Amino acid sequence: MESANVLQMPASARTVGKLRLGNSRVLIPEMNRSSAHLFAAALRAFAADAQVLETGRGLELGKKFTSGKECFPCLVTLGDLLNFVEEERRRLGAAFRADRYVFFMPESEGPCRFGMYNKYQRMVLDSFPDLQDLKISSLSNTDNYSPEGLMDPQKAQRFKKTACLAMVVADVLDRLTWRVRPYEKAAGLTDALAEQGLHRLMEVVERTGAGNPFDPVVGELEKILAAGQAIIDPAIPPKPLIGMVGEIFLRMNRRSNQDMIRLLERYGAEVVNASMTEWLNYVGYDGLRLAKKKLWLGLRLLRPRQIKESIREMLGFGINLLFQERTQHAVFKRARRCLDIAGDHRIAHLEKILKESGDFSFDIPTEASLSIPGILHCARNGYNGAVNVYPFTCMPGTNTSAVVRPIMHERGFPFLDTPYDDSIQPNRETAIRTFMYQARQHLQRHGRKWPTT
């Protein structure tokens, strides 16, 4: 696969931006297996031809068309796309047409480089003459990842509700795995149940998503959770409880973080990773915060247009956040009747932690605003250690480490930084073994408390 040597910024929004999916095949990067496949099922419920890209196989292609200065998830997702295109070319031959595909790559404003992924990937695709018509469709945090523009308006709101439910259910399915696997009666039972459960949930979401999916989907989820409860060995004593936070792609993508959770489990941990829904709720919460500030400024300066616009934004972000939190609460309430998985916190709780500690501020809009209070929450609420997972050179991840490390040292709370790129660090496993030794000591001295939030 060869391209032109010079990459140029996209000259038109025709092939990158919030573009209609139409009849094209929608290619979804696999950030998290459960979330990606249930999101694809939600799209298929609304007649979109959605497919999740296999992750990790295109790493060499991603490295070939990046300089090494880009954020690691940009390299991974670009490589996955190019690998798929290469395989499609071989499969279809002369019948291959790039305009039949849409790559789905959301974005986010702010200091994180995530907002530039789709622009750079567009530049790479444009350097191939036969890939210039392969579109990149994007959603942005600026309008709360609204799907309006991707599909017909009458479908957009129903799709967003189904997609929200799919994300929460994916979080619960992941928490089933992390809760049961360290205590399973026989190795492999949990992974088999989770994979089978994912396919069952995909089928229900796709079949019912365009109507009223809540009860059928959550009902199926309850059956899977009950099966998970049945394979826990009660004779296995509680293990050190480890909280995982960090950059959302790296902590969720098992290939990119070299299966960090399974490695921690190998050395005796029970892990609770921050959820996918946490980021979606944060987007709504932060949008509401900014709209309130904008309203206050408009009132102070007597700007009627700004006041009106701020009220509209407050209603949009506020109603959406309320719906997401209620959906999350309803799903977790039913799920925890079947299996004692860890609960999830509200974003307001994380901001309260930061305000009380004074260690950071929500006014700095990056994942550090979630990771720092997440670690402080773990240290105060019965965990035995915390891990910060982020791409090498990631600014929010580095900020988190700089703020949290001295605080955790002072508290005597086990803490581990795990930056990742495509390399295998020879001392990584040694660092994890040392960290887990400290976590076991912490468990012996302080015990552990099962997280309700």
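Model, not experiment: these values are computed from the prediction.

Student: Would you take a moment to explain the sheet that holds strand 1 (residues 16-17) for this structure?
Tutor: Whenever strands of a sheet pair, they do so through backbone hydrogen bonds, lying parallel or antiparallel. Spatially, the 5 strands line up as an open sheet ordered 1-5-4-2-3, and their pairing is parallel. The outermost strands of the open sheet, each flanked by one partner alone, are strand 1 and strand 3 (49-52). Relative to strand 5 (residues 135-137), strand 1 runs parallel, the two being bridged by 2 bridges. Counted as the bridge partner of V16 is I136 from strand 5. Packed onto the sheet, helix 1 (residues 33-45) meets strand 2 (25-28), strand 3 and strand 4 (101-104) and runs at close to 170 degrees relative to strand 3.

Student: Sorry, what's going on with unusual backbone geometry here?
Tutor: A negative phi angle is the norm for most residues apart from glycine, just as the trans form is the norm for most peptide bonds. Of note in the backbone geometry, L302 takes a positive phi value of approximately 55 degrees without being a glycine. With respect to the helices and strands, the residue L302 is situated in the loop between helix 10 (276-301) and helix 11 (304-338). Residue classification places L302 among the exposed residues on the basis of a relative accessible area of 70%. The phi angle at T393 is positive, at roughly 75 degrees, despite the residue not being glycine. Locating T393 in the fold gives a position in the loop between strand 8 (385-391) and helix 14 (395-411).

Student: How do you make sense of a nonpolar patch on the surface when you look at a structure like this?
Tutor: Taken together, the side chains of W296, L297 and L301 make up a nonpolar region of the molecular surface, amounting to roughly 310 Å² of accessible area. Within the element layout of this structure, L301 appears in helix 10. The class for L301 is partly exposed, based on a relative accessible area of 42%.

Student: Which parts of the structure should I look at to understand the packing of aromatic side chains?
Tutor: Aromatic rings in a pair are described by how distant their centres are and how their planes are angled relative to each other. With the rule as written, the count across this model stands at 9 aromatic pairs. Both rings, one in F39 and one in F159, keep their centres 5.8 Å apart while their planes meet at 70 degrees; by these two values the pair is edge-to-face. One end of the pair, F39, is in helix 1; the other, F159, is in helix 5 (residues 153-180), and 120 residues separate them in sequence. Per residue, the accessibility class of F39 equals that of F159, and both read buried. The structure contains a cluster of three or more aromatic residues connected by ring pairs, namely F39, F46, F104 and F159. Over the aromatic face of Y183 sits the side chain of K239, whose NZ or CZ is 5.7 Å from the ring centroid.

Student: Is there a simple way to think about the nonpolar core in this case?
Tutor: Proteins that are soluble and globular tend to have nonpolar side chains buried together. In terms of nonpolar packing, the biggest core is built from 112 residues, with I28, L38, L43 and M408 touching the most fellow members. In this structure I28 touches A36, F39, A40, L43, A50, Q51, V52, L53 and F104, once residues within four positions along its chain are discounted. I242, L264, V271 and Y420 belong to the second largest nonpolar core, which has 23 residues in total.

Student: How should I be thinking about the environment of V204 in this particular structure?
Tutor: Residue placement: V204 occurs in helix 6 (residues 189-208). Among the residues examined, V204 registers a relative accessible area of 4% and is labelled buried. On a C-alpha basis, the gap between V204 and E220 in space is 7.9 Å, while along the polypeptide they are 16 residues apart. When neighbours within four sequence positions are excluded, V204 is seen to be in contact with G209, P216, V217 and E220.

Student: I keep staring at the sheet that holds strand 7 (residues 270-273) and nothing clicks. Help me out?
Tutor: An order of 7-6-8-9 is seen for the 4 strands of this open sheet, with the pairing classed as parallel. Taken across any chain shown, the strands that pair with only one partner, and hence form the sheet edges, are strand 7 and strand 9 (415-420). Adjacent strand axes in the sheet meet at a mean angle of 25 degrees, parallel and antiparallel pairs treated alike. Where strand 6 (residues 241-246) lies against strand 7, 4 bridges are found, and the strand directions are parallel. Residue pairing across strands places L241 opposite E270, the latter belonging to strand 7. Of the strands in this sheet, strand 6, strand 8 and strand 9 touch helix 13 (residues 368-380), which is tilted by about 170 degrees from strand 6. Contacting strand 8 and strand 9, helix 14 crosses the sheet at an angle of about 160 degrees to strand 8.

Student: How do you make sense of empty space enclosed by the protein when you look at a structure like this?
Tutor: To find leftover empty space, one rolls a probe the size of a water molecule over the atoms. Under the definition given, this model contains 4 cavities of 30 Å³ or more. Approximately 150 Å³ is the volume attributed to the largest cavity. Secondary structure elements with two or more residues in the lining of the largest cavity: strand 6, strand 7 and helix 13. Top element by residues in the lining of the largest cavity is helix 13. It accounts for 5 residues. Broken down by class, the residue content of the lining of the largest cavity amounts to 7 nonpolar, 9 polar and 3 charged. Quantified by volume, the second largest cavity comes out at close to 50 Å³. Lining the second largest cavity we find V245, G246, I248, R251, A274, E278, W279, E367, L370 and S371. Among the elements of the structure, strand 6, helix 8 (248-252), helix 10 and helix 13 are those that each provide at least two residues to the lining of the second largest cavity. Looking at side-chain class alone, the lining of the second largest cavity contains 5 nonpolar, 2 polar and 3 charged residues.

Student: What am I meant to see in the side chain of R175 here?
Tutor: Turning to its location among the elements, R175 is positioned in helix 5. Among the residues examined, R175 registers a relative accessible area of 5% and is labelled buried. Here the side chain of R175 touches A342 through a polar contact of 3.2 Å, landing on its backbone oxygen. When residues no more than four places from it in sequence are discounted, the contact partners of R175 are V272, N273, A274, S275, F332, I341, A342, G343 and D344.

Student: Help me understand the pairing of strand 9, please; the structure alone is not making it clear to me.
Tutor: For a regular strand, side chains alternate in direction, first toward one face of the sheet and then toward the other. Most of strand 9 sits inside the fold, with 6 of its 6 residues counted as buried. Burial of strand 9 is two-sided: the residues F415, D417 and P419 facing one way and the residues L416, T418 and Y420 facing the other way are all buried. Here strand 8 pairs with strand 9 via 6 bridges, running parallel. Looking at the pairing, V389 lines up with T418 of strand 9. Handedness of the crossover joining strand 8 and strand 9 through helix 14 is recorded here as right-handed.

Criteria and cut-off values
- Residues numbered from 1 in each chain as written.
- Predicted model: local features only at pLDDT ≥ 70, side-chain atom pairs only at ≥ 80, totals over all residues.
- Heavy atoms only, no water.
- Pairing = 2+ DSSP bridges.
- Helix = DSSP H or I, 4+ residues; strand = E, 2+ residues; numbered from the N terminus.
- Contact = heavy atoms within 4.5 Å.
- Axes fitted to C-alpha atoms, helices over the stretch in contact; angles between N-to-C directions.
- Buried < 20%, exposed > 50% of the residue type's maximum accessible area, 1.4 Å probe, protein only.
- Patch = residues over 30% accessible without salt bridge, like charges linked within 9 Å, V, L, I, M, F, W, Y side chains within 5 Å.
- Areas by Shrake-Rupley, 256 points an atom, 1.4 Å probe, with all protein chains shown as cover.
- Salt bridge = Lys/Arg side-chain N within 4 Å of Asp/Glu carboxyl O.
- Phe/Tyr/Trp six-rings, centres within 6.5 Å; stacked < 30°, edge-to-face > 60°.
- Lys NZ or Arg CZ within 6 Å of the ring centre and 35° of its normal.
- Core = buried A, V, L, I, M, F, W, Y, C linked by side-chain atoms within 4.5 Å.
- 1 Å grid on protein atoms, 1.4 Å probe; cavity = no way out; pocket = protein on both sides within 12 Å on 5 of 7 lines; lining within 4 Å.
- Points joined across faces, edges and corners; volume = space filled by probe spheres on them.
- Nonpolar A, V, L, I, M, F, W, Y, C, P; charged D, E, K, R; others polar.
- Polar contact = N/O pair within 3.5 Å; in protein donor to acceptor, adjacent residues only side chain to side chain.
- Right-handed = clockwise from strand over helix to strand, strands pointing away.

These results come straight from atomic positions and should not be treated as a statement about function.
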